[in-house]
Structures are given as C-alpha cells and as structure tokens.
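Examining the three-dimensional arrangement
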Amino acid sequence: MADLKEKVALVTGASRGVGRGIAEGLAETGATVYLTARTMGAAEDPEPGTLQATAAAVEALGGRPMPVAVDHSNDQAVLELFRRIESESGRLDLLVNGAFEVPDPPVWSGAFWEHSLDVWDDQCGVGLRGCYVAS
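This write-up is about the structure you can find in this document. In this text, all values refer to a predicted model and were calculated from it rather than measured experimentally. (Residues numbered from 1 in each chain as written. Predicted model: local features only at pLDDT ≥ 70, side-chain atom pairs only at ≥ 80, totals over all residues. Heavy atoms only, no water.)

1. Some thoughts on the nonpolar core
- Val11, Ala23, Leu26, Val33, Leu35 and Val58 are the most contacted members of the largest nonpolar core, which has 14 residues in total.
- Among the secondary structure elements, those contributing two or more residues to this core are strand 1 (8–11), helix 1 (17–28), strand 2 (32–37) and helix 2 (51–60).
- The contact partners of valine 33, leaving out residues within four places of it in the chain, are Ala9, Val11, Ala23, Leu26, Ala27, Val58, Arg64, Pro65 and Met66.
- Leu10, Tyr34, Met66 and Leu81 belong to the second-largest nonpolar core, a separate cluster that totals 10 residues. (Core = buried A, V, L, I, M, F, W, Y, C linked by side-chain atoms within 4.5 Å. Buried < 20%, exposed > 50% of the residue type's maximum accessible area, 1.4 Å probe, protein only. Helix = DSSP H or I, 4+ residues; strand = E, 2+ residues; numbered from the N terminus. Contact = heavy atoms within 4.5 Å.)

2. A word on the pattern of salt bridges
- This structure, assessed with the given rule, holds six salt bridges.
- Among the ionic pairs, arginine 38 bridges to glutamate 101, the shortest N-O distance being 3.8 Å. Here the residue arginine 38 occupies a position in the loop between strand 2 and helix 2, and glutamate 101 occupies one in the loop between strand 4 (94–96) and helix 4 (117–134), the gap between them amounting to 63 residues.
- For the salt bridge of arginine 84 with glutamate 88, the shortest nitrogen-to-oxygen distance reads 2.8 Å. Of this pair, arginine 84 and glutamate 88 are both found in helix 3 (residues 75–89), four residues apart, which corresponds to roughly one turn of the helix. (Salt bridge = Lys/Arg side-chain N within 4 Å of Asp/Glu carboxyl O.)

The structure is reproduced here in structure tokens:
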C-alpha cells in the first residue's frame, strides 16, 4: 500500500457509504484526511453514519482526521473549507468528491420522469454541482 503520511486529502460526503470507505482507505496509508458532511455528530459518543464516527475510524486506522461540517450546496461554505485547508495544511494533494443528497422523501421506486424536478435539484445540486464547485 502507498505511503501517504505527508499527503493531505479531502473527502466530501465522508459520513457514510463510498465517502466513508474512501476516507478509511486513505487513513490506512497515513494521510491527513479532511472529512466533510452536513452535520458533525457527537464527538464523545459517535453514532454510525456521522462525521464523528468516520473521524474515529480514520484515527483508529492510522490517519489524521480533520472533520468539518460543510453544506456542499453552499458555495461560500465550500470556499471557506478550501481556505481553511490552505491555512491549516498549506496544500491539498487529493480531492475525492463524494457528497450527495438523497431527496426528501427518498425516491427508491418508479421511473425518473414520474418524480418532480425537486428530486433532480436535490441530487444534482449537491452531487454534480458540488463536485464542480469543489473541483
């Protein structure tokens, strides 16, 4: 496995799913990993599916977690995140865009054209647009 001890990574959408898995993989290489999700969760008793739970897993796997609550639908918040990374770490070596928003209520059935455009806006406003802005 590669040695990324001197590298700084950012994984958006790191509280669960693919984002969490990638954050854990980077932790195994020793990287400093900035982790984002909309909410932080409790540091003292991290519940599964929270940013704090991912941070605890990253630390246990040998990485240096840097959890930050960020709403990736807010361009200003994303800009502030990148400024923070520059200020604290001096650089960013790797960006993993994993932020995604499941529509409310979740849409798991039916054809896409049977759903309102709000579903598209929810998913692409954070997922696709968030990737574009962060990149």
